[in-house]
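Each chain is listed here by its residues.
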Amino acid sequence: MTVRALVVAFWLVAAAPLAAAPVDGSWSGSVPTPNGDFPVTFKFMADGTMLNGSMLGMDGMELPIANGKIEGNNLSYTLGLDFGGMPFELSYKGVLAGDQIALTGEAGGMPFEFVVKRDKTQ
């Protein structure tokens, strides 16, 4: 392998975490509902094209993200909830733009939209 190829390979490996890093961190916003706005907080961490993290639940517990994917600025993931033994899944798709993510969620076939912003404490 030539020196040039080694330098190119080094920069490609070094730049890979930088490409995924913009989504890493804590993001907050609120989901509008008929009963008022519902605050949400997500913690995201990219691992290549996989999205990991959690959502802070109503009871203060962290709910893990499942099926997380990153494709460019597009994100998708699901959250599994349990309402007294009745499993319920929420699916999300979003677009990252700077310090905000425009998200569309779906619960029971009903879509909802909201925006989360990067927490400034990062």
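An account of the accompanying structure is given in this report.

How each quantity is defined
- Residues numbered from 1 in each chain as written.
- Predicted model: local features only at pLDDT ≥ 70, side-chain atom pairs only at ≥ 80, totals over all residues.
- Heavy atoms only, no water.
- Phe/Tyr/Trp six-rings, centres within 6.5 Å; stacked < 30°, edge-to-face > 60°.
- Helix = DSSP H or I, 4+ residues; strand = E, 2+ residues; numbered from the N terminus.
- Buried < 20%, exposed > 50% of the residue type's maximum accessible area, 1.4 Å probe, protein only.
- Core = buried A, V, L, I, M, F, W, Y, C linked by side-chain atoms within 4.5 Å.
- Contact = heavy atoms within 4.5 Å.
- Patch = residues over 30% accessible without salt bridge, like charges linked within 9 Å, V, L, I, M, F, W, Y side chains within 5 Å.
- Areas by Shrake-Rupley, 256 points an atom, 1.4 Å probe, with all protein chains shown as cover.
- Salt bridge = Lys/Arg side-chain N within 4 Å of Asp/Glu carboxyl O.

1. A short note on the packing of aromatic side chains
The geometry of an aromatic ring pair is captured by two quantities: the separation of the ring centres and the angle between the planes.
No. 1: Tallied over the full model, the rule gives ten aromatic pairs.
No. 2: Between the aromatic rings of Tyr-77 and Tyr-92, the centroid separation amounts to 5.0 Å while the plane-to-plane angle is 15°, which identifies the pairing as stacked. Of this pair, Tyr-77 sits in strand 5 (residues 74-83) while Tyr-92 sits in strand 6 (residues 86-97); the two residues are 15 residues apart in sequence, bridging distant segments of the chain. The same class applies to Tyr-77 as to Tyr-92, namely buried.
No. 3: Between the aromatic rings of Phe-83 and Phe-88, the centroid separation amounts to 6.0 Å while the plane-to-plane angle is 65°, which identifies the pairing as edge-to-face.
No. 4: Taking relative accessible area as the criterion, Phe-83 reaches 45% and is therefore assigned partly exposed.

2. Some remarks on the nonpolar core
No. 1: In terms of nonpolar packing, the biggest core is built from 25 residues, with Val-23, Phe-42, Phe-44, Tyr-92, Ile-101 and Phe-114 touching the most fellow members.
No. 2: Put simply, the parts of the chain that give this core at least two residues each are strand 1 (25-33), strand 2 (36-47), strand 3 (50-56), strand 4 (62-71), strand 5, strand 6, strand 7 (100-107) and strand 8 (110-118).
No. 3: Setting aside its immediate chain neighbours within four residues, Phe-114 contacts Ser-30, Val-31, Pro-32, Val-40, Phe-42, Tyr-92, Ile-101, Ala-102 and Leu-103.

3. Quick word on a nonpolar patch on the surface
No. 1: The grouping of Met-58, Phe-83, Met-86 and Phe-88 at the surface amounts to a nonpolar patch, some 470 Å² of accessible area in total.
No. 2: Its location among the elements puts Met-58 in the loop between strand 3 and strand 4.
No. 3: Accessibility expressed as a relative area gives 69% for Met-58, which makes it exposed.

4. Some words on the environment of Phe-112
No. 1: Locating Phe-112 in the fold gives a position in strand 8.
No. 2: A relative accessible area of 19% means that Phe-112 is categorised as buried.
No. 3: Contact partners of Phe-112, with chain neighbours within four places excluded, come to Val-31, Tyr-92, Leu-103, Thr-104, Gly-105, Glu-106 and Ala-107.

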